[in-house]
Amino acid sequence: MFKNKLSGLLIALALVSCGMIGGPSDADLLAAAKQQMLEDLLPTAQGNEAAKQAVQTAVNAIKFEKKGICNVQKEVHNCGGEITFTPPGGAEMKQLVMISVKKTDKGWVSAD
């Protein structure tokens, strides 16, 4: 019986340390990635409403799939995944990304 409890405790500790329990969801990671992309890309469209709208439309259509587990370092969860997106006027693309997020009183936000 002690062996089973010890095994369960070790598994729980491993899951907590890798961020699977209490870590960000796929939706949290996608929201943080989209926010970071908008912050990076919208200034390039300054003064051009059509370009601004195209950027917002492209970013809003991005899909994210987490690949593996998150690595937690100093309260920052570094999570690998794949985004699928279609740039304005282009064909659908897939790209591997690393998304870094941290928990705040406002929820999960980009750590970059």
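Okay, so let's go over this structure. It should be emphasised that the depicted structure is a prediction, and the values quoted were computed from it without experimental measurement.

Thoughts on the state of the cysteines
The term disulfide refers to a covalent linkage connecting the sulfur atoms of a pair of cysteines.
Right, on to step 1. For the coordinates displayed, the defined rule picks out one disulfide.
Right, on to step 2. Here cysteine 70 is linked by a disulfide to cysteine 79, with a sulfur-sulfur distance of 1.9 Å. Of note, the bridge from cysteine 70 to cysteine 79 carries an S-S torsion of about 110 degrees and is right-handed in sense.
Right, on to step 3. Looking at cysteine 70, the relative accessible area reads 3%, which means it is buried.
Right, on to step 4. Owing to a relative accessible area of 0%, cysteine 79 belongs among the buried residues under this scheme.

Here we look at the pattern of salt bridges
Right, on to step 1. All told, the structure shown has one salt bridge when counted by the stated rule.
Right, on to step 2. The partner of glutamate 65 in a salt bridge is lysine 67, with the nearest N and O atoms 3.5 Å apart.
Right, on to step 3. Take lysine 67: its relative accessible area is 40%, and that puts it in the partly exposed class.

What about the layout of surface pockets?
Right, on to step 1. Counted as a void, the largest pocket has a volume near 210 Å³.
Right, on to step 2. Contributing to the lining of the largest pocket are Met37, Leu41, Val55, Ala58, Val59, Ile62, Ile83, Phe85, Pro87, Pro88 and Gln95.
Right, on to step 3. The element best represented in the lining of the largest pocket is helix H3 (residues 49-60), accounting for three residues.
Right, on to step 4. Residue composition of the lining of the largest pocket, grouped by class: ten nonpolar, one polar and no charged.

Remarks on the pairing of strand E3 (residues 76-85)
Right, on to step 1. Of all ten residues in E3, nine are buried; the element is thus mostly enclosed.
Right, on to step 2. One ladder, built from four bridges, connects strand E1 (residues 63-66) with E3; its direction is antiparallel. In the strand pairing of E3, phenylalanine 64 is matched with isoleucine 83.
Right, on to step 3. Two strands pair when backbone bridges link them, and strand E2 (residues 71-73) and E3 are joined in this way by three bridges, in the antiparallel orientation. Across the sheet, valine 72 pairs through a bridge with histidine 77, a residue of E3.
Right, on to step 4. Count of turn residues in the E2/E3 antiparallel hairpin: two residues, of which lysine 74 carries a positive phi of about 50 degrees.
Right, on to step 5. Alignment of E3 against strand E4 (residues 93-104), held across ten bridges, turns out to be antiparallel.

Basis of the calculations
Residues numbered from 1 in each chain as written. Predicted model: local features only at pLDDT ≥ 70, side-chain atom pairs only at ≥ 80, totals over all residues. Heavy atoms only, no water. Disulfide = S-S within 2.5 Å. Buried < 20%, exposed > 50% of the residue type's maximum accessible area, 1.4 Å probe, protein only. Salt bridge = Lys/Arg side-chain N within 4 Å of Asp/Glu carboxyl O. 1 Å grid on protein atoms, 1.4 Å probe; cavity = no way out; pocket = protein on both sides within 12 Å on 5 of 7 lines; lining within 4 Å. Points joined across faces, edges and corners; volume = space filled by probe spheres on them. Helix = DSSP H or I, 4+ residues; strand = E, 2+ residues; numbered from the N terminus. Nonpolar A, V, L, I, M, F, W, Y, C, P; charged D, E, K, R; others polar. Pairing = 2+ DSSP bridges.

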